[in-house]
Amino acid sequence: MKTYISLITVAVGLLSPCTNLLAQEEEKPNESTPTEVVSDPFAPTQMRSNDEQTQKILDQRSSEKPVAFRLRLEIWELDTKQFALQLDDVKPGSNFNAWRDASLASDAAALLNTPAVRVETGTKSTVESILEHIYPTEYEPPVGDKNESSPAADTLPMPQWAAVPTAFETRNTGTTLEAVVRSVSGETKTWDIWLSLESVKLEGDSEYGFPLMGIKMPDFSSYRAGGILRLQEGAWQLLSAQSAPPNVDGSPTGKTRVSIVRLDRVR
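The shown structure was predicted, so the numbers you read here are calculated from the model rather than taken from an experiment.

Engineer: Let's hear about the overall build of the protein: which residues, and what values?
Structural biologist: Secondary structure summary: the protein contains four helices and nine strands in total. Along the chain direction, N to C, the helices and strands of the protein fall in the order α-α-β-α-α-β-β-β-β-β-β-β-β. Relative to its full complement of 267 residues, the protein shows a buried share of 26%. Summing over all exposed atoms, the protein offers an accessible surface of approximately 18600 Å²; the carbon and sulfur share of this is 53%.

Encoded structure:
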């Protein structure tokens, strides 16, 4: 019995150094592979840092007094050749104040639209005057013979040969104006304007198929102008000049639409 206990004691004694070596190996860092520390972007400290930066920006913006403006835009239409001759008289870099005064005094140019909007620096302003036009885009095929006489009104609500609309779409017609004003560093009474103008008009309807089928699709004309431009306060500047939308049959109108814009500080 004593011999058995001694053998166990010897075995335990031999295993103890091996256990200590294994423990040391686990505690020893792996020198062959460098340890890469990856920061957690969602860690609370990172979140607190971002919150502090956001609050700092908000405090800075709240301390800045916004500047308010009245943005005016006018759309003129006149003969294309006439405008080309007038444009030759406008010197590069000059404003369109004199051109506008001459257009107001002449019957040859028509003022189509003159939207205006109040806008403050750093904010987006939108003004629109629209009419939603709903029109069919898909039809069920007609039934019956197109030569069949019209049934009595008290038997069927519509002729058998008329196509029945099954799907519709909506198109906004009218004018939409969006604008953002930014300050220009190092310059006074000069501002950067982001501007977007869209004018959509319903010109009529085009009929398709047999006339009694009643399949009609609307014809829209669209006029767009915009971009980023630098404006000086109190002066009319040219935004765009382009040909007017063509007629429904595709023929040109011979007219040019001229868009001019002006920015005035109100406070």
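Engineer: Can you tell me about the sheet that holds strand E6 (residues 190-208), naming the residues and giving the values?
Structural biologist: Spatially, four strands are ordered E4-E5-E6-E7 in an open sheet, and the strand pairing comes out antiparallel. Edge positions in the sheet fall to strand E4 (124-140) and strand E7 (215-232), since each of these pairs with one other strand and no more. Strand-to-strand, the axes of this sheet are offset by a mean angle of 15°, without reference to chain direction. Here E6 runs beside E7; their pairing, made up of 18 bridges, is antiparallel. Across the sheet, Val200 pairs through a bridge with Ser222, a residue of E7.

Engineer: Tell me about the pattern of salt bridges, and name the residues and values.
Structural biologist: A complete count under the given rule lists 10 salt bridges for this structure. Close ionic contact of Lys124 with Glu178 constitutes a salt bridge, the shortest N to O distance being 3.7 Å. Of this pair, Lys124 sits in strand E4 while Glu178 sits in strand E5 (residues 164-183), and the two are 54 residues apart along the sequence. With a relative accessible area of 21%, Glu178 lands in the partly exposed category. The residue Asp264 makes a salt bridge to Arg262 at a minimum N-O spacing of 3.0 Å. Three or more residues are tied together by salt bridges with common partners; here these are Arg72, Glu74 and Arg100.

Engineer: Let's hear about unusual backbone geometry: which residues, and what values?
Structural biologist: Among all residues except glycine, the phi angle is most often negative; among peptide bonds, the trans geometry is most common. Positive phi, close to 55°, is recorded for Lys189, a residue that is not glycine. Checked against the element boundaries, Lys189 lands in the loop between E5 and E6. Given the relative accessible area of 58%, Lys189 is considered exposed.

Engineer: Mind laying out the side chain of Asp219, listing which residues take part and the relevant values?
Structural biologist: Summarising the element assignment, Asp219 is placed in strand E7. Despite being buried, Asp219 has no salt bridge partner; Arg171 is the closest side chain of opposite charge, sitting 9.9 Å away. At 2.6 Å, the side chain of Asp219 and the side chain of Ser206 are in polar contact. For Asp219, the contacting residues outside a window of four places in its chain are Lys201, Leu202, Glu203, Gly204, Asp205, Ser206 and Val248.

Engineer: Quick one: what's the story with helix H4 (residues 97-104), residue by residue and with numbers?
Structural biologist: For H4, the complete set of buried residues consists of Trp99, Arg100 and Ser103. The arc enclosing the buried residues of H4, seen along the axis, measures out at 100°, which places them on a common side. The secondary structure elements touched by the buried residues of H4 are strand E1 (68-79), helix H3 (80-88) and strand E9 (255-265).

Engineer: So, the pairing of E9: which residues are in play, and what are the values?
Structural biologist: Across the 11 residues of E9, eight count as buried, placing the element largely inside the fold. In this sheet, E9 lies alongside E1 in antiparallel orientation, the contact comprising 11 bridges. Residue pairing across strands places Glu77 opposite Arg257, the latter belonging to E9. With six bridges connecting them, strand E8 (residues 237-243) and E9 associate as antiparallel partners. Opposite Leu238, over in E9, you have Ile260 as the bridge partner.

Engineer: Could you give an account of the nonpolar core, with specific residues and numbers?
Structural biologist: Nonpolar side chains tend toward joint burial in soluble globular proteins. Among the nonpolar cores identified, the biggest contains 21 residues, and Leu71, Ile193, Leu195 and Leu263 are the most heavily contacted of them. Elements represented by at least two residues in this core include exactly E1, strand E3 (116-120), E5, E6, E7 and E9. Here Ile193 is in contact with Val180, Val181, Gly227, Ile228, Leu229, Leu231 and Leu263, once residues within four sequence places are set aside. Counting 10 residues, the second-largest nonpolar core is a separate cluster that includes Trp76, Leu78, Val90 and Val258.

Engineer: Run through the packing of aromatic side chains, naming residues and quoting values.
Structural biologist: Counted by the stated rule, this structure contains five aromatic pairs. Relative to Trp191, the ring of Phe69 lies with its centre 4.7 Å away and its plane at 70°, an arrangement referred to as edge-to-face. On the criterion of sequence distance, the pair formed by Phe69 in strand E1 and Trp191 in strand E6 is long-range, its members being 122 residues apart. Residue class for Trp191 comes out buried when judged on its relative accessible area of 8%.

The rules behind the values
- Residues numbered from 1 in each chain as written.
- Predicted model: local features only at pLDDT ≥ 70, side-chain atom pairs only at ≥ 80, totals over all residues.
- Heavy atoms only, no water.
- Helix = DSSP H or I, 4+ residues; strand = E, 2+ residues; numbered from the N terminus.
- Buried < 20%, exposed > 50% of the residue type's maximum accessible area, 1.4 Å probe, protein only.
- Areas by Shrake-Rupley, 256 points an atom, 1.4 Å probe, with all protein chains shown as cover.
- Pairing = 2+ DSSP bridges.
- Axes fitted to C-alpha atoms, helices over the stretch in contact; angles between N-to-C directions.
- Salt bridge = Lys/Arg side-chain N within 4 Å of Asp/Glu carboxyl O.
- Lys, Arg positive; Asp, Glu negative; His and termini not counted.
- Polar contact = N/O pair within 3.5 Å; in protein donor to acceptor, adjacent residues only side chain to side chain.
- Contact = heavy atoms within 4.5 Å.
- Arc of directions from axis to C-beta.
- Core = buried A, V, L, I, M, F, W, Y, C linked by side-chain atoms within 4.5 Å.
- Phe/Tyr/Trp six-rings, centres within 6.5 Å; stacked < 30°, edge-to-face > 60°.

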